[in-house]
Structure formats: structure tokens, C-alpha cells
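What the coordinates show
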Amino acid sequence: MNNIAKTTLKSFGLMLIFTAILGGIYPMITSLLLEGFAKPQSIGSLIKAKDGSILGSSLIGQNFEKPKYLWGRLSATSTPYDAAASSGSNLGVNNPVLLENAKARIENLKKYKNDENTKIPVDLVTASGSGLDPEISPAAAYYQIPRIAKARGITGASVKAIIDKSTKKRTLNLLGESRVNVLEVNLRLDGKID
Amino acid sequence: MAHLLTMNGLLQLVAYFLILAIFYIPIGNYMANVFSGKTTVLSPIVKPIEKSIYNLLSINPEKGMNWREYAITLLAFSFAGFVLLYLILLFQGFLPFNPQKFAGLSPHLAFNTAVSFITNTNWQSYGGESTLSYFSQMAGLCTQNFVSAAVGLSVLIALIRGLNGVETSDIGNFWADVTRTNLYILLPLSLIVAILLGLSGVIQNFQNYLEITTLEGAKQTIAMGPVASQEAIKMLGTNGGGFFNVNSAHPFENPTPISNFIEVVSILLIPVALCQTYGVMVNDKKQGLAIIAAMVLIFAPLLIFCVTQEQAGNHVLTTLNIDQSVNSLQAGGNMEGKETRFGIVNSALWASATTAASNGSVNAMHDSFTPLGGLVPMVFMMFGEVIFGGVGSGLYGMLHFVIMTVFIAGLMVGRTPEYLGKKIQSYEMKMASLAVLVPSLFVLIGVSIALMTKAGQAGIFNNGAQGFSEVLYALTSAANNNGSAFAGLGANSPFYNTLLGVCMLAGRYWIIIPTLALAGSLAGKKHIPISAGTLPTHTPLFVGILIGVIILVGVLTYAPSLALGPVVEHLHMIKE
């Protein structure tokens, strides 16, 4: 056998061994360890109802359009919040569709709140990167308090209390941004979780 | 400026650099020990595995190779990787771990993806969760994430041996280099990072996609998979190919500020520490410090510029009654394509780190960045992926620039250029020039072809200057083995899959081969002792000239195309 053929054969051999170790054993060991130490996270941080049924994932946003619910970011997946095919809008800053989408969201928000003076927080009129963003900024959540309170016939203060309960601050007061988990707020508003 | 870079923003960036600085010496020294074949803390566990691999394949790890043997072995090994991955992707419909019953990929997509992952580019013309089975992700992509990174590191070690060698043709044994890199460095680091990511919420399972009913009564299908294991090596190996379509913007791939911090640190961890490895191995740590200084001095200002541009927001939206300001209740700024938990600072930091290193993962959509904010990632790639760059490939790319700088500086003072005791002559300059110029050639010719053909124009998503930028970004990303995208571009067509595939191959192997040739040539030379006429290569002056050379080459090559794309788009935005 000449040298090149030998080298090629060895290459395939080594590649197969690496496939077994790095593409087989390594992910399996990781799975076993994480199933042991972080079972809830490993299967998607699911939120369960008191009866044990699955209400969703605290990491994956759901689409909300009813006035009684807190609304999340715009979603650019083919149908909003399609968690089987994530996608951003990829619209450039000058793309007219970006402006149209923002205007449409503003129309929807204004339907329930005729307060021309309050500026709308930017994350309420822009699409998230994943199309599945589970969170909005506290500013965007507070902006929606009057609508939710009116639709439910409860006080703004009680809505705000629920929003604050579902708010995470920056990690160590340093990393990331403060944010409100939209699904958790809505499940609390409906009394489905504590 | 103060309202564009907040105190918190600044502190987040400082924390990032601080963590990298802390790991610089321990990780750098550890890698130097591994590459020099010394016994390390992991040897008792790993050595037996390593030995049995050599025995099984009758490899003699001590047998030196000259640069041609090294290159041929490397190419044969990469070819084997290509064939295996191509077949896995093509026939995934018949393979196990495919709960969603995905069919095999089209031949052009399988070609593009296989090339993309063996070249450490990890450009993705597909959406992971809607295209690939768990088997393809693990056995196919995860394996290549390791292996392609190990190939890059091996080439770097070979080059360092070339610099150290004296009148020899031996630049090391490829089999041993690639095996040791995988087993002693990439695998243990990945395991640690995967566990940390899993604890912070990244998923890791083999379940079917989950069907649920949302609170408003709609059906939602939630994609699952073994993500944490793949995510770790994706970041550490400067691969960047996401498990999901939106990569690290996906909440299952990057759920919290903590996971984001771990991932973005992992992008630069090895490329940064390699400078220390280099310093240790050439017996002069200042050489490593000089290179890391040049990298940081180019990186930091551009990073801060990117943050401020994104924080300034989208000028077009100011016509509406929208609050884009940063305050205690919101991140503000240009939030299109960004996730709430990351806001502006972490999205801009990621975009800069991922393109400075040839990682190419994203946690926000670059196509929706402001024009000048999006110019930053493009410029980092246009420097040839040498500001940190890919694992191994970044530093050997940088060493080509160092050799150019030594040559230019030598000409200025009228002495024979030398670097670390080796004369730099016309052969070395030819190899360095090839390595520096080949990617640019493929970028600019590729862009011209794409813009002049119907098939190329068909993929463009945003109109006008931004559409031009999408094509420019794609070719730059492919030919420099980055893999990130202005993802509006519809690249899953026979035209782009083929064009970008060719660019990725050229950008990888047309640099690796000159690098190995350089290693061989340097190894064959005598070692000249330092004299009064030697230009020191660790001084601020040298760092300054090095930065000048990198910027000059980058700017001279790409200024016209940057003017046509991001700059025109910016002027368009502020005129609204």
C-alpha cells in the first residue's frame, strides 16, 4: 500500500474514533451529569400547573394579544412565537417594513390607552432576536398596567405587584438587563401559579 | 457619550476583560505544557486513552514530519471529516436519533454544511431545529466542532516548532498534535463549560419536540435536543454553528445573563490564552504580551464604538413616539433583533467578540444592527480574523502579519529582517502575503459575482445599501471562516451554497498550506543570536507598527466596499 492510501485510511480511522468519543460519549456523559444535577433545566425549565399539567416553559415566550394579558416582544417567526422554527426579523434600520410593524403595534397599544404623552418603550415595538423572547423590560411592562387593570377590573397596584414579583434584576447587579417574564405575569394574573 | 456608554455598560465590559485576564496565564501555561508533550494534571486519565488510539491505528506519535507530510496528513484527515459529515447529512433520514423524522439534506446544502464545519467556519444555510436530527448534530457537527478546532491549533503548534527548530525539517507529528489537542484541551474544557451552561438553564435531552397549549389557547411546538454539550465546544472552539436557527439568541441555547457571560468568555478564552502559550513556547513571554496588546488595542475601541452606535438607537424610529433612551427600567437603544435579557451592551459585546475571534455565533441579529454598529463586526472579519481570531488560526494569521511588519520595519532601517532569531527572506514574505491576501481576493471577486448574477441578487432580503452589505458580509464571513451572517440573505440556494463553500475552503486551506510551508522553511534555518542590529519585537513601537500594518491592509482592501454598504446606509438613516 502506498503512503497516501495509508494516510487516508488512518484518517478515516481516527475520524471514526473521534466521532465515537466527541460526538457520542461526550454528549452522553454531559446528559447523564445534567440529568443528575439539573434535571428541570435539562428538559426546558417547564412551568407546571398545580395539577401537574405543563403550562409552558419559563424560557420560551408565548403569543399574547388579549387586552387582559401582558404582551411580549414582537415575534418574527412565521406564526408568532413558533418554538419549532426560531427566527429574527433581520430587517435593516431603513427597511419600511420595520416602521410598519412598529406602527401596527403602536395602533394596537393605543386602542386601549389614549395617552399621547407617554412614550412607548422601544422593546414593545421591535422584534426580538429569537422570536421567542420570554421577557420584556420593566418599562414595557409598566406601560401596559392601565390596560390590564381595566380589562380585569382590578387595581393598577395589584397588577404592578405581580409584575414586580415576576421581575429579575441584573445578575449580581452587574450582568445583563432587568427583565419581566411575560408568561409568569400572565399565569399569576390568571391565578394558575403562585 | 455618557448616555451611550453607561457606567453599568462599562463595568460589564471591564468584568469581561478581567475574567479573560485571570485565565490568561493558567490556561496559556497548561496549553504550552500539552503542546510540548509534558505530563499534565490530566495525564493519568487521558494518557491511556491516547496510547490506545495510537496503538489501534499503528501511529508512532514520536515520528517527526516535514511540512509536506504534515500538510498532506492534515488534508487527508480533513477530507475524511468532510466525507463522513457529508454522508451523515445526506442520509440522516435513515440514521437514529431523529425524533422529528427529518429527511436527508439536499446535496448542495450537505456540501455547504460539511465544508462549513470542517473549515471551522460554521456558516449555516439551514435552521438547525427544523432541518437536523440529533444524530447529525452530535455525531456530525459536534465532532467537527472539536476536530476542526484541533486542526487549527495543530497548525499553530507546527508553526511555533518551525520558529524554534534549528536546521531541521521536523515540524512535529500531526496525528499526535490533533489527538492531544482534542483529548487534553478541548474535551475537558468543554465538559466543564457544558455542565456550567446546563446548570444555568441550557437544555440537554433527547426528547421529542414538546407539544403544548399556550395560555391563549394556541398550539406551540417546542424544539428540544442535546444543546449544552454542543454549545460548549461551539463557543470554545471558535466554531459558532448554533443548535437552533437563531443561535445563541435562542433562550434554550443562551437563557440568562450568566449563560451569556460564560459563552462570551468562552469565545475568547483559548484565542487570548494562546498568546501566553506562544510566549512560553518561544521562551520569551514578552512576545506573547506584544501580540495580545496589539489585539486588545484594536479590539477595545471598536467594541466601544459598536456599543455606542447600538445604544444611540434607530434614527428612523424617532419619528414615532418611542422611548429609545437608556434608564433604570429599560436598556433602550436599537432593540430590533435583540433579546431583552441581553440588551444593548451584551449584544454589542457578543457581536464584536464573535467576529474578532472567528467564532460566528450570534446572540442578536446583525442584519438589524445600526449601519455603523454592523460595520464593526464586518471590519473585524476583514482584518483577516487575526484580532484573537479562530483557535490556532487567529494566532498563526497574526504571525503572518508580524512577519510582514518585521519585513517592512527591516526595510525602513536597512537591515536584514529577522524574527526570533530567524532571517525573514523572500520565501517567508511570499507565504505571509499569500496568507494575508487570498481571503480578500475571494471576498471581493465573490461579491462581484454575486451582485452581477440573477442567482446572487435573488438571495438579497433588505433593499439598497443594506442588501449590498448582506452579500459583502456573507462573502467576508465565508472567506475568513467566521460563519456569522447578515441573516436576511437567503443563502440556501445552489448558487450561494456552492460559492460560499468554495470561499470557505480557500479561506481555510490556502492559509494553512502557506503557514505550514513557512513553518518548514523557518525550521530549516540557522538561529542567529540577537545583536545590536536586531529590531526588538516586543516593544510598544513594534506593537504600534504591527497595528498600523493590520489596519492599513484591511482598510486599503475594503474601504470602497464599506463606503458602498454600511456608510451609505448610515447616511440614508440619518437623513430620514
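These remarks concern the structure in this document. (Residues numbered from 1 in each chain as written. Chains lettered and ligands numbered in written order. Predicted model: local features only at pLDDT ≥ 70, side-chain atom pairs only at ≥ 80, totals over all residues. Heavy atoms only, no water.)

Broken down by element type, chain B carries 18 helices and five strands. Whereas a compact globule of 576 residues would reach a radius of gyration of roughly 25 Å, chain B reaches 23 Å, a difference of no more than 12%. Taken along the three principal axes of its C-alpha coordinates, chain B extends 75 × 55 × 45 Å. Across chain B, 23 positive and 24 negative side-chain charges occur, with their mean positions spaced 13 Å apart. (Helix = DSSP H or I, 4+ residues; strand = E, 2+ residues; numbered from the N terminus. Rg over C-alpha atoms; globule rule 2.2 N^0.38 Å. Lys, Arg positive; Asp, Glu negative; His and termini not counted. Charge placed at Lys NZ, Arg CZ, Asp CG, Glu CD.)

Time to look at the overall build of chain A. When you go through chain A residue by residue, the secondary structure sums to seven helices and six strands. Along chain A, helices (α) and strands (β) appear in the sequence α-α-β-β-α-β-β-α-α-α-β-β-α when read from the amino end. For 194 residues, the compact-globule formula gives about 16 Å, and the C-alpha radius of gyration of chain A, at 23 Å, lies well above that figure. If you line up chain A on its principal axes, its C-alpha atoms span 85 × 45 × 35 Å. Split into buried and exposed, the 194 residues of chain A put 57% on the buried side. Look at the contacts in chain A between residues 6 or more apart in sequence, and 57% of them connect residues 24 or more apart. For chain A, the distance from the average position of its 25 positive side-chain charges to the average position of its 16 negative side-chain charges is 3 Å. (Buried < 20%, exposed > 50% of the residue type's maximum accessible area, 1.4 Å probe, protein only. Contact = heavy atoms within 4.5 Å.)

Right, let's talk about the pattern of salt bridges for a bit. The full count for this structure, using the stated rule, is 18 salt bridges over all chains. In this structure, the salt-bridge partner of D133 of chain A is R73 of chain A, at a minimum N-O distance of 3.2 Å. One end of the pair, D133 of chain A, is in the loop between β3 (120-121) and β4 (135-136); the other, R73 of chain A, is in the loop between β2 (54-57) and α3 (96-112), and 60 residues separate them in sequence. By relative accessible area, which is 1% here, D133 of chain A ends up buried. Given a relative accessible area of 1%, R73 of chain A falls into the buried group. Connected through shared salt-bridge partners, R73 and D133 of chain A together with E339 and R341 of chain B make up one network. (Salt bridge = Lys/Arg side-chain N within 4 Å of Asp/Glu carboxyl O.)

Below, the discussion takes up the side chain of R180 of chain B. Residues and elements named next belong to chain B. Structurally, R180 can be placed in helix α7 (residues 174-199). Accessibility expressed as a relative area gives 10% for R180, which makes it buried. Looking at R180, its side chain comes within polar contact range of the side chain of E50, at 3.2 Å. Residues contacting R180, with those up to four places away along its chain left out, are V34, G37, K38, K47, E50, Y54 and I185. (Polar contact = N/O pair within 3.5 Å; in protein donor to acceptor, adjacent residues only side chain to side chain.)

Let us look at the packing of helix α5 (residues 145-152) of chain A against helix α6 (residues 156-165) of chain A. Residue and element names in this part refer to chain A. Two elements in contact, α5 and α6, have axes whose closest approach is 9 Å; the angle formed by their N-to-C orientations is 120°. Classified by the angle their axes make, α5 and α6 are oblique. The way α5 lies across α6 gives a crossing that is right-handed. Packed against α5, whose contacting residues are I145, I148 and A149, the element α6 presents G156, V159, K160 and I163 at the interface. Here the contact of α5 with α6 is built from residues that sort into five nonpolar, one polar and one charged. (Axes fitted to C-alpha atoms, helices over the stretch in contact; angles between N-to-C directions. Parallel < 35°, antiparallel > 145°, perpendicular 65-115°, else oblique. Left-handed = near helix turned anticlockwise from the far one by under 90°. Nonpolar A, V, L, I, M, F, W, Y, C, P; charged D, E, K, R; others polar.)

Attention now goes to the sheet that holds strand β6 (residues 179-181) of chain A. All names here are of chain A. Here three strands make up an open sheet; going across it, the order is β4-β6-β5 and the pairing antiparallel. Lying at the two open borders of the sheet, with one neighbouring strand each, are β4 and β5 (167-168). Direction of pairing for β4 relative to β6: antiparallel, over a ladder of two bridges. Opposite E135, over in β6, you have N181 as the bridge partner. (Pairing = 2+ DSSP bridges.)

Let us now look at the interface of chain B and chain A. The interface is formed by 115 residues belonging to chain B together with 101 residues belonging to chain A. Summing the contributions of chain B and of chain A, the shared interface buries around 8,600 Å²; its carbon and sulfur component is 67%. Where chain B touches chain A, the interface holds one salt bridge. Between chain B and chain A we count 44 residue pairs in polar contact (both at pLDDT 80 or more) in total. At eleven residues, the largest contribution of residues to the side of chain B that touches chain A is made by α7 of chain B. Of the residues in the side of chain B that touches chain A, the class split is 63 nonpolar, 42 polar and ten charged. Relative to strand β3 (residues 322-323) of chain B, β3 of chain A is paired through two bridges, and the arrangement is parallel. The residue bridging P121 of chain A from the neighbouring strand is D323 of chain B, located in β3 of chain B. (Buried area = accessible area lost by both parts, 1.4 Å probe.)

Just distances and angles here, no functional claims.
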